[in-house]
Amino acid sequence: MFAYIVRRLALMLVTLVGISIVIFFLLRIVPGNIVDILFAAAGYVDPADKANLQRELGIDQPLVVQYLHWISGLLHGDLGYSYVSEKPALDEILPRIPITARLAALALLFSASVGIPLGVISAVYQGSRLDYFLRVVSLSGLSLPSFWLGLLILMASVSLFGSIPIFNPNPQTFGEMFSTYVLPSIAVGFRSSALTMRITRSSMLEVLRQDYIRTARAKGASEASVNFQHALKNAILPVITVVGIEAAFLIGGLIVTETVFNIPGVARFLVEAIRWRDYPIVQNLVMFIALIVVLANFTVDMLYAVVDPRIRYTD
Amino acid sequence: MVTINYDAELRRAGASATHGWRRLAFLAQRHVLGAVGLVIMVLFVLAALFADLICRYDPLTVDSAHALLHPDARHWMGTDSFGRDVWSRIIHGARISLAVGIGSTALGGSIGVIIGLTSGYLSGWVDLVFQRVTDILQALPLLVLALVMTAALGPSLPNVIIAIAIPLIPVVSRVIRANTLALREQPFVEAAKSIGMSEMRIALRHVLPNTLAPLIVLATAQLGSTILTEASLSFLGLGIPEPYPSWGRMLSESAAEYVRVAPWLVIFPGVAISLAVFGTNLFGDALRDILDPRQRG
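Reading the values: rules and limits
Residues numbered from 1 in each chain as written. Chains lettered and ligands numbered in written order. Predicted model: local features only at pLDDT ≥ 70, side-chain atom pairs only at ≥ 80, totals over all residues. Helix = DSSP H or I, 4+ residues; strand = E, 2+ residues; numbered from the N terminus. Buried ≥ 20, exposed ≤ 12 C-beta atoms within 10 Å, placed from the backbone. Contact = placed C-beta atoms within 7 Å. pLDDT = per-residue confidence, 0-100. Core = buried A, V, L, I, M, F, W, Y, C linked by C-beta atoms within 7 Å. Axes fitted to C-alpha atoms, helices over the stretch in contact; angles between N-to-C directions. Parallel < 35°, antiparallel > 145°, perpendicular 65-115°, else oblique. Left-handed = near helix turned anticlockwise from the far one by under 90°. Nonpolar A, V, L, I, M, F, W, Y, C, P; charged D, E, K, R; others polar. Expected span 1.5 Å × (residues − 1).

Glancing now at the overall build of chain B. Secondary structure assignment for chain B yields 14 helices and zero strands. On the principal axes, the C-alpha backbone points of chain B span a range of 75 × 65 × 30 Å. By the burial criterion, 44% of the 297 residues in chain B qualify as buried. When contacts within chain B are restricted to residue pairs at least 6 apart in sequence, long-range pairs at least 24 apart make up 68% of them.

Below, the structure written as C-alpha cells:
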C-alpha cells in the first residue's frame, strides 16, 4: 500500500510538470505578447519604450529562462504579477476561490441527492414507463448546455420576481443565499446529476442480478431493505468514482455559469484572463485546476480501498 | 394445450430481418429512442446541407430597421439586435455545429486510434511515453484545455476544430489501447504471426478492424460533447467569431440582457443546441446497445 501511494504521488508529479510545460509553451507559441497588444492600440510607439516594458515584465528573456523563473517562483509561493491589475497573482486568485468552491460543493450535493435516488428508482422499475421517463430526462440533462439552463433560470426569475438575481458576496437572508448560490449551483449540477443517475442505474442493475440478492429476497427481506441495504451498498462504488471525478470536472459548467450569473468566482476569472492575455493568471489557474483533478483522482482511488475492503493496492 | 407458433416467434426475434431495410426497421422497432435520435440527426444534417433552400432571409444581412422583432409570420423566430432573421441563423448554424462535430471527432478520433494502436501493440517505452502524454491531457477538463488552445491559436473555425479535437485524443486512445492489449493475446493474432505476417500488417488488418465497434460507439458519444463544447466556447466569445451564426455565439454574454427584452433570442438557439446533442446522445446509446452489448446501461 505504501509503495503504491509513493508511486502514485511520483506519477502525479510527472503529470503536473508535464502540464506546466504544455501550458507555458502553448500560451507563447503565438507571436504577439501583452506588450505588442498594448502598443498596437497606442498607434506609433517608441521602440525604446517597448523594449523597456518588455524588460520590466521579463518577457525579453529566452522562454526556457522564463519557464524556470515561473516554476521556481511557484515552489516559493510566488505566482508572479497580473499583467492587467499589476497586483500579485496570488492576491487576485485566492479571494475568488471560496465563491467557486461553495458553488461546486452545492452543485455536487445537488447532483448526488437527486441522481442517486432517481438512479435506484429507475433500476428497480427497469423497463417500466417511469424508467423510460427518467432515462429520457437524464439523457436530456446531458444534452442541455449548462449556460442555457442558467439563462432559463434567469428567465424564470424575471417572470416570477421581475428581476435578475444580483450576486451578493455576503448573503444575509435565506432568499439572498438562494438566489446567490443555490440557483446557479442547480445550473451547474443538473448535468452531473444526470450522469450520476445513469451510473447508479447501470450499477444497480448489475448488482440486482446477483445471487445474494435472490438469497436476501428468499429469506424474506423487505423490498426497501433489499434495494437500499443489500444492493445500493455494493452498487455505490462506481458512483463514487464518477461523483469524485465529476467534482474536478465541474469546472467546465462553473466557467459558463459564473459568466451567465455574473459571479466573480475563479472560473469566470480564467476566461477573463484568457481574453486579456494575462498569462501569469492563466498559467497559474490552469495549474490549480490540474492539481485539483489529479488530487481528486487520487482521493477517489484511496476511497475505493476504504469502501471496498477487497481492494488492496499491493502493486 | 399451448401451441407455439414458431414462425411468429422467429419473426419477433428478428430472424427474417437479416439485412437491408428489414434489418433497419427491426432495429428501429427494438430501439425506439435510438430511432428518434437518428431522425433528429438526419433532420439536422438536412438543415445543414440545404440551409440556403430552407431560408428566405440571408443569415448575415443586417437590417437595423427591423431589429428585435417578435416572432411572427414573416420572421418565425423573430430578429436579433442587428435585424438578422433568427430562423435563418439557426438553420445555417447547423452547418457550423456539424462541421465542428464531425471535424473534431474525426481529427481527434484518428489521432487517438493511431496513438492507441501503436501504444497497445508496441508496448514498452513507446507505450510509457504515450501513457504519460495522455495523463497530462486528461488532467485538464475538456473546456479548459479547449479554451487555452483557442486562446493560443486564435478564434476561427479550423482552430476551434483543432482545439476540441485535442482533448478527445486521450479518450479515444485509452479505449483503443485497452482493446488492442486484449486482442494482442488472441489466437488469431498468434496465427497471423506464425505465418510470417509483418507487425504493421497484423495491427492494421487484424487488430484495427476488431476495435471498430467500440470506436464507433465512442465517436457517436463524443459527437454530442464536441457540439456542446463548441457552443460553450462560442458563448464565451472565444469560439467561432462574428458574424458567423454559431448557436453558442447567438447566446453570447449579451443574452443575460435579452432575457428581459427578447426571450426568443435566448430560447431558440438553446433549443437548437439541446435538440442536436439530445439526438446524437439517443442515437449513441442505441448504437452502444447494438454494437457493444457488454456496456449496456
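Before going further, it helps to spend a moment on the interface of chain B and chain A. Taken together, the contact pairs 37 residues of chain B with 40 residues of chain A. When contributions to the side of chain B that touches chain A are tallied by element, the ones reaching two or more residues are α6 (124-138), α7 (142-153), α11 (212-235), α13 (255-261) and α14 (264-291) of chain B.

The subject of this paragraph is helix α13 (residues 266-275) of chain A. With eight of 10 residues buried, α13(A) lies mostly within the body of the structure. Listed as buried for α13(A) are A:Val266, A:Ala267, A:Arg268, A:Phe269, A:Leu270, A:Val271, A:Ala273 and A:Ile274. Where the residues of α13(A) are buried, they touch α5 (89-93), α6 (97-124), α12 (251-260) and α14 (279-307) of chain A together with α7 of chain B. Just past α13(A), the residue A:Arg277 takes up positive phi, approximately 55 degrees.

Residues and elements named next belong to chain B. Mapped onto the elements, Met 149 comes out in helix α7. Put simply, Met 149 and Asn 159 are 10 residues apart on the chain and 8.2 Å apart in space, counted from C-alpha to C-alpha. Sequence-distant contacts of Met 149, that is, excluding residues within four places in its chain, are made with Ile 162, Ala 163 and Ile 166.

When pLDDT is averaged along chain A, the result is 84; 94% of the residues meet or exceed 70. Within chain A, no element has a lower average pLDDT than helix α2 (residues 34-42) of chain A, which sits at 65, and none a higher one than α6(A), at 92.

This brings us to the nonpolar core. Counting residues in hydrophobic clusters, the biggest one holds 145 residues, and the most contacted among them are A:Leu285, B:Leu140 and B:Leu147. With 13 residues, α14(B) is the single largest residue contributor to this core. Those residues in contact with B:Leu140 that sit more than four places away from it in its chain are A:Ile19, A:Val286, A:Ile289, A:Ala290, A:Val293 and B:Leu145.

So, on to the packing of α6(A) against helix α7 (residues 129-143) of chain A. Residues and elements named next belong to chain A. α7 packs onto α6 with a crossing angle of 140 degrees between their chain directions and a minimal axis gap of 8 Å. In terms of orientation, α6 and α7 fall into the oblique class. You can see that α6 and α7 cross each other, and the crossing is left-handed. Contacts between α6 and α7 involve Leu 118, Ile 121 and Ser 122 on the former and, on the latter, Asp 131, Leu 134 and Arg 135. Taken together, the residues of the contact of α6 with α7 sort by class into three nonpolar, one polar and two charged.

So, about the environment of A:Ser138. All names here are of chain A. By the element assignment, Ser 138 lies in helix α7. Taking C-alpha positions, Ser 138 is 8.2 Å from Arg 191, a pair spaced 53 residues apart along the chain. When neighbours within four sequence positions are excluded, Ser 138 is seen to be in contact with Ala 194, Met 197 and Arg 198.

So, about the confidence of the model for chain B. Averaged over all residues, the pLDDT of chain B equals 85, while 96% of them reach at least 70. Quick note on the complex model: pTM equals 0.87, ipTM equals 0.86.

Moving on: α11(B). All names here are of chain B. The end-to-end C-alpha separation of α11 is 34 Å, in line with the 34 Å expected for 24 residues at 1.5 Å each. Across the 24 residues that make up α11, a large majority, 18, are buried. Phi turns positive, to about 80 degrees, at Gly 237, one or two residues after α11.

With that settled, consider unusual backbone geometry. Residue and element names in this part refer to chain A. In the Ramachandran plot, Asn 262 falls in the positive-phi region, its phi being about 60 degrees despite a non-glycine side chain. For Asn 262, the location among the structural elements is in the loop between α12 and α13. Of note, the phi angle at Arg 277 is positive, near 55 degrees, even though the residue is not glycine. Tracing the backbone through its elements, the reader meets Arg 277 in the loop between α13 and α14.

Residue and element names in this part refer to chain A. Packing of α7 against helix α9 (residues 174-208) leaves a shortest axis separation of 8 Å and a crossing angle of 135 degrees. With respect to α9, the element α7 is oriented oblique. Read as a crossing pair, α7 and α9 show a hand that is left-handed. Contact residues: Ser 138, Gly 141 and Leu 142 in α7; Phe 190, Arg 191, Ser 193, Ala 194, Leu 195, Met 197 and Arg 198 in α9. Counted by class, the contact of α7 with α9 contains five nonpolar, three polar and two charged residues.

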